[in-house]
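A structural walkthrough
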Amino acid sequence: MGTRESNEQAGGTGRRALLGAAVLGAGGTVLGLGGTARAADARHGGGRGLKSLPVPTVIGHRGASGYRPEHTLGAYQLALDMGADIVEAGDLVPTRDGHLVCRHEPEIGGTTDVADHPEFAGRRTTKTLDGVPVTGWFTEDFTLAELKRLRAVERIPANRPHNTLYDGRWEIPTFEEVLRWQDEQTRKRGEQVWIYPELKHPTYFRKLGLGLEERVAKLLRRHGKDDKNAPVILQSFEPTSIERLNKLVDNPLVVLLSGATTRPWDFVETGDPRTVADLVTRRGLREIAGYAQGIGPTLDLVIPRDAAGRLTEPTTLVRDAHRAGLILHPYTLRNENPFLPADFRKGTDPDAYGDVFGAYRAYFATGIDGVFTDHPDTGLLAREDFVNNRPASPRQG
């Protein structure tokens, strides 16, 4: 199935309740980063659109989801306050009445309190989502008004028990609410706020008569955010969805790439035999460059891990993608040990923070253009170290 979680397995039962070494200033940005963004901007030549973003770009993965329940306005707001360059505001899934809402998956049993609502008990069902049986509650079986009665909860409480403090605090946001929030934050901050929504399971929803691409395009046009310099980057694991978007809007587009042996679900449906390994060849990357501006590979496509989970040597993906004219925004760096390469974990506690700064440096050194992170404050400090050529901390083995 095309999902980031296919490559990001959680484990353990706790984590440190820390915001890392960053301290938030009165203006809402992370202290000590003033020169970093300027230095990174100079590397990218300034200008509008994608070229205006600092490099490496720090992208708040589903907001600041290391500290707040993901895909809530609280998580999005904190990511901005920490200084994230872009907020991944929206994994977009539809409601029964055609509205787009922000949830990690259409199944919402693990990200909302729907199980606590007896009036919705009869909605629990099993569906086949991209070839995999999934049991729970699905957004397409609810109207927007019904979904607004639910509240968001922490998706991985075993790893992030402190985030459960915020369970029930925020409702499910719609994509239109996010677009309005983006405008409001841009006005308040006096600088452009960027968002990076993902279209989830486009083939699945098109079969249900709930096509995503047209709905996204309609909202972007309504809000004047459908041109090549618009501060909205669109992404999907299904290449044909990105091709469809390329005909509807002029926004920057990114093809997400899972494990090398996997096949995008739209390829499975149409009988296209190619795997992700085919897409990351020079020929495959040139083809992607014909309708997209970037790729979002799993980090393992940039630097593979060995059987023990330790980093090996980088692949040629960064070089090959850049030669094809594509940017790379891999996913996802998290502070907790279970999500880090084995050589950057610290101690035996599976939920303690590891040497994530060392991991950032290893990935930044490959030349990637940015990275998704659950902990934007950590990512910003790591970028500051990298741009200023500060030495990485020793690897922990």
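Procedures and definitions
- Residues numbered from 1 in each chain as written.
- Predicted model: local features only at pLDDT ≥ 70, side-chain atom pairs only at ≥ 80, totals over all residues.
- Heavy atoms only, no water.
- Pairing = 2+ DSSP bridges.
- Helix = DSSP H or I, 4+ residues; strand = E, 2+ residues; numbered from the N terminus.
- Contact = heavy atoms within 4.5 Å.
- Axes fitted to C-alpha atoms, helices over the stretch in contact; angles between N-to-C directions.
- Core = buried A, V, L, I, M, F, W, Y, C linked by side-chain atoms within 4.5 Å.
- Buried < 20%, exposed > 50% of the residue type's maximum accessible area, 1.4 Å probe, protein only.
- Arc of directions from axis to C-beta.
- Salt bridge = Lys/Arg side-chain N within 4 Å of Asp/Glu carboxyl O.
- pLDDT = per-residue confidence, 0-100.
- Polar contact = N/O pair within 3.5 Å; in protein donor to acceptor, adjacent residues only side chain to side chain.
- Phe/Tyr/Trp six-rings, centres within 6.5 Å; stacked < 30°, edge-to-face > 60°.
- Lys NZ or Arg CZ within 6 Å of the ring centre and 35° of its normal.

Points about the sheet that holds strand S7 (residues 194-195)
Pairing is parallel across the open sheet formed by four strands, whose spatial order is S7-S2-S1-S13. Looking at strand neighbours, the two that pair on one side only are S7 and strand S13 (370-373), the edges of this open sheet. Sheet topology places strand S1 (residues 57-60) next to strand S2 (residues 86-87); two bridges connect them, and they run parallel. Pairing of Gly-60 across the sheet is with Val-87, part of S2. Strands S1 and S13 of the sheet are contacted by helix H14 (residues 376-387), whose axis makes an angle of about 175 degrees with S1.

Comments concerning the nonpolar core
Across soluble globular proteins, nonpolar side chains have a tendency to be buried as a group. By size, the foremost hydrophobic cluster in this structure holds 83 residues, and its most contacted members are Phe-175 and Ile-295. Looking at which element gives the most residues to this core, the answer is helix H13 (residues 356-364), with six residues. If we skip the residues at most four places from it in the chain, Phe-175 touches Leu-92, Leu-100, Val-101, Cys-102, Ile-195, Pro-197, Val-216, Leu-219 and Leu-220.

A few points about helix H6 (residues 212-222)
Taken residue by residue, H6 has Leu-212, Glu-213, Val-216, Ala-217, Leu-219 and Leu-220 as its buried positions. Down the axis of H6, the buried set is contained in an arc of 165 degrees. They therefore lie on one face. Turned more than 90 degrees away from the buried face of H6 sit Lys-218 and Arg-222, all of them exposed.

Quick look at the pattern of salt bridges
Inspection of every chain in the model, using the stated rule, returns 30 salt bridges. Measuring nitrogen to oxygen at the nearest pair gives 3.3 Å for the salt bridge that ties Lys-188 to Glu-184. Placement of both Lys-188 and Glu-184 in helix H4 (residues 175-189) is noted, with a separation of four residues, approximately one turn of the helix. According to the relative accessible area criterion, Lys-188 is exposed, its value standing at 63%. On the basis of relative accessible area, Glu-184 is assigned to the partly exposed category, the value being 32%. A salt bridge links Asp-374 to Arg-334; its shortest N-O distance comes to 2.6 Å. In this pair, Asp-374 sits in the loop between S13 and H14 while Arg-334 sits in the loop between strand S12 (327-328) and H13, placing the two residues 40 residues apart along the sequence. For the pair formed by Asp-374 and Arg-334, the shared burial category is buried.

A few points about the confidence of the model for the chain
For the chain, the average pLDDT comes to 89, and 86% of its residues sit at 70 or higher. Low pLDDT, under 50, characterises residues 6-47; the stretch is placed with 100 contacts to residues that sit more than four places away or in other chains.

With respect to the side chain of Asn-251
Relative to the elements of secondary structure, Asn-251 occurs in the loop between helix H7 (239-248) and strand S10 (253-257). A polar contact is formed between the side chain of Asn-251 and the backbone oxygen of Lys-225, at a distance of 2.9 Å.

So, the packing of aromatic side chains
The way to describe two aromatic rings as a pair is by their centre distance and the angle between their planes. Going through the model one piece at a time under the given rule, you end up with eight aromatic pairs. Seen in terms of ring centroids, Tyr-204 and Phe-205 are 4.9 Å apart; in terms of plane orientation they differ by 75 degrees. Their pairing is edge-to-face. For the pair Tyr-204 and Phe-205, a shared accessibility class is recorded, and that class is buried. Among the aromatic residues, ring-to-ring pairing joins Tyr-360, Phe-364 and Phe-386 into one connected group. Taking NZ or CZ as reference, Arg-169 lies 5.9 Å from the ring centre of Trp-170, over its face. One cation-aromatic arrangement involves Arg-334 over Phe-339; the distance from NZ or CZ to the ring centre is 4.8 Å.

Focus: the environment of Thr-139
Mapped onto the elements of the fold, Thr-139 is located in the loop between strand S6 (132-136) and helix H3 (144-147). The sequence separation of Thr-139 and Arg-103 amounts to 36 residues, and the corresponding C-alpha distance is 8.7 Å. Within the local environment of Thr-139, its side chain forms a polar contact with the backbone oxygen of Pro-94, the two atoms lying 2.8 Å apart.

What to know about the environment of Asp-343
Checked against the element boundaries, Asp-343 lands in the loop between S12 and H13. Side-chain polar atoms of Asp-343 contact the backbone nitrogen of Leu-311, separated by 3.3 Å.

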